[in-house]
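Commentary on secondary and tertiary structure
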Amino acid sequence: MTRTATSFAVLFLAGFASAQIAPPSAAEQATALNAIREYALSYTRGLPNYTCTQTTRQNIQRETFGRVQSTTTVIEEQLSFVDNREIRKVAKINGYPAAAEGPDQLMGTLSRGEFANFLDIIFEPDTGAHLKWDRLATLNRRRVYVFAFRVPQSKGYSLAESKRRIQVPFEGFVYADYETKAVVRIEMKCVDIPRDSEYTNAGLTLDYKPAKVAGREFILPAHYLLHFQMVTGFVTNDAEYTNYRRFSADATVKFEDEAQ
């Protein structure tokens, strides 16, 4: 390498190094975590009553007698948030209208509480979740704080098996906007799943983005990917939230439990 090329490489590397984001001090990390916790625990109180459309592409693969069978179902739900509770109604299955009652209404997504349940569990002090600083990162062209978390089994994720329901710890990362401290992504995976369980792993990624409701902008769920790996196959739910609007009181709905 010539002297000129060497000098250029040194200058390039020096410039690259100076562009790196210096990790925040311990004091800034603590301040950021407190602000993110405050945001998370007050999240639902700042939300209006509203409705959106949740469209889920559900893929199920099962192995039976050595043969793999795969089915894909597109489920459209009316998902409303009313007085801090979720209300769900399956509207269409594979493009066809769903029956107002009966088996069609059981086709809804397996996960509940995306709007706030995870935020409460992760940040509520009584949960006993462990949170620690991880890193600064860039997400959707914005700088974000990233904190790692682990939720104990006592407040863990519920997995429904054929003959029982188990609750397991889960861990992951929370991404929060550097400027506003709003949570913009949650990544989680189940851990310490019993060896005799029908599940081998499970996880979820949930993204929040700005959406307008009645002319005001709120940070609301935009997309999530939920997956279950089981002994006999796997299930994935890939969902989009669209068409946010003010909740209409004349809608015929039924309250669902807020369990995960």
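Located above this text is the structure these notes cover.
Now for a quick tour of the structure.

What counts as what
- Residues numbered from 1 in each chain as written.
- Predicted model: local features only at pLDDT ≥ 70, side-chain atom pairs only at ≥ 80, totals over all residues.
- Heavy atoms only, no water.
- Helix = DSSP H or I, 4+ residues; strand = E, 2+ residues; numbered from the N terminus.
- Buried < 20%, exposed > 50% of the residue type's maximum accessible area, 1.4 Å probe, protein only.
- Areas by Shrake-Rupley, 256 points an atom, 1.4 Å probe, with all protein chains shown as cover.
- Expected span 1.5 Å × (residues − 1).
- Arc of directions from axis to C-beta.
- Contact = heavy atoms within 4.5 Å.
- Pairing = 2+ DSSP bridges.
- Salt bridge = Lys/Arg side-chain N within 4 Å of Asp/Glu carboxyl O.
- Polar contact = N/O pair within 3.5 Å; in protein donor to acceptor, adjacent residues only side chain to side chain.
- Phe/Tyr/Trp six-rings, centres within 6.5 Å; stacked < 30°, edge-to-face > 60°.

**Remarks on the overall build of the protein chain**
From N to C terminus, the protein chain includes 3 helices and 13 strands. Per-residue burial for the protein chain yields a buried fraction of 42% across its 260 residues. Just so you have it, the protein chain exposes about 14800 Å², and 52% of that area is on carbon and sulfur atoms.

**Observations regarding helix α2 (residues 26-41)**
Over its 16 residues, α2 extends 22 Å from the first C-alpha to the last, a length consistent with the 22 Å expected when each residue adds 1.5 Å. Turning to α2, its buried residues are Q29, A32, L33, I36, Y39 and A40. Buried residues in α2, looked at end-on, bunch into an arc of 125°, giving them a common side. Across α2 from its buried face, at more than 90 degrees, point the exposed residues A27, T31, N34 and E38. Buried positions along α2 lie against α3 (117-123), β5 (130-139), β6 (142-151), β9 (170-177), β10 (183-190) and β12 (216-230).

**Overview of the pairing of β5**
Sheet analysis places β5 next to β6, joined by 9 bridges and oriented antiparallel. If you follow W133 over to β6, its bridge partner there is F147. Taking the residues between adjacent antiparallel strands as the criterion, β5 and β6 are bridged by 2 residues, where N140 takes a positive phi near 50°.

**Regarding the pattern of salt bridges**
It is possible for side chains bearing opposite charge to pair when their charged atoms get close. Throughout the structure, instances matching the rule amount to 10 salt bridges. R150 serves as the salt-bridge partner of E171, at 3.0 Å between the closest nitrogen and oxygen. Here the residue E171 occupies a position in strand β9, and R150 occupies one in strand β6, the gap between them amounting to 21 residues. Note that D207 and R185 form a salt bridge whose closest N and O atoms lie 2.6 Å from each other. One end of the pair, D207, is in strand β11 (residues 199-213); the other, R185, is in strand β10, with 22 residues separating them in the sequence. We classify D207 as buried; its relative accessible area is 10%. Counted as one network, the salt bridges with shared partners bring together E77, E86 and R88.

**Description of the environment of R135**
Following the sequence through the fold, R135 ends up in strand β5. Sequence separation of R135 and A148 is 13 residues, and the distance between their C-alpha atoms is 9.0 Å. Beyond its immediate stretch of four places on either side in the chain, R135 contacts V144, Y145, V146, F173 and Y175. In terms of polar contacts, R135 uses its side chain to reach the side chain of D134, at 2.4 Å. A polar contact of 3.2 Å, which involves the side chain of R135, links it to the side chain of Y175.

**With respect to the pairing of β10**
Here is the key point about a regular strand: its side chains alternate between the two faces of the sheet. Burial within β10 is extensive, with 6 of its 8 residues counted as buried. Bridge analysis of β9 against β10 gives 7 bridges, and the strand direction is antiparallel. Residue F170 lies in a different strand from β10, and its bridge partner there is C190. Adjacent in sequence and paired antiparallel, β9 and β10 are bridged by 5 residues, among which K181 carries a positive phi angle near 70°.

**So, the packing of aromatic side chains**
One pass over the full model with this rule turns up 13 aromatic pairs. Measuring from centroid to centroid gives 5.8 Å for Y39 and Y43, while their planes differ by 55°, and the two rings are tilted. Assigned by exposure class, Y39 and Y43 land together as buried. Note on W133 and F147: the rings are 5.4 Å apart at their centroids and 80° apart in plane angle, and the pair reads as edge-to-face.

**A closer look at the sheet that holds strand β13 (residues 233-246)**
An order of β4-β3-β2-β1-β13-β12-β11-β10-β9-β6-β5 is seen for the 11 strands of this open sheet, with the pairing classed as antiparallel. Single-partner strands in this sheet number two, and they are β4 (96-97) and β5. With 8 bridges connecting them, β6 and β9 associate as antiparallel partners. Pairing of V146 across the sheet is with Y175, part of β9.

**Remarks on the environment of T53**
Position of T53 relative to the elements: it lies in strand β1 (residues 50-64). For the pair T53 and S80, spaced 27 residues apart in the sequence, the C-alpha separation amounts to 8.5 Å. If we ignore the near neighbours within four places in the chain, the residues touching T53 are E76, E77, E240, Y241, T242, N243 and R245.

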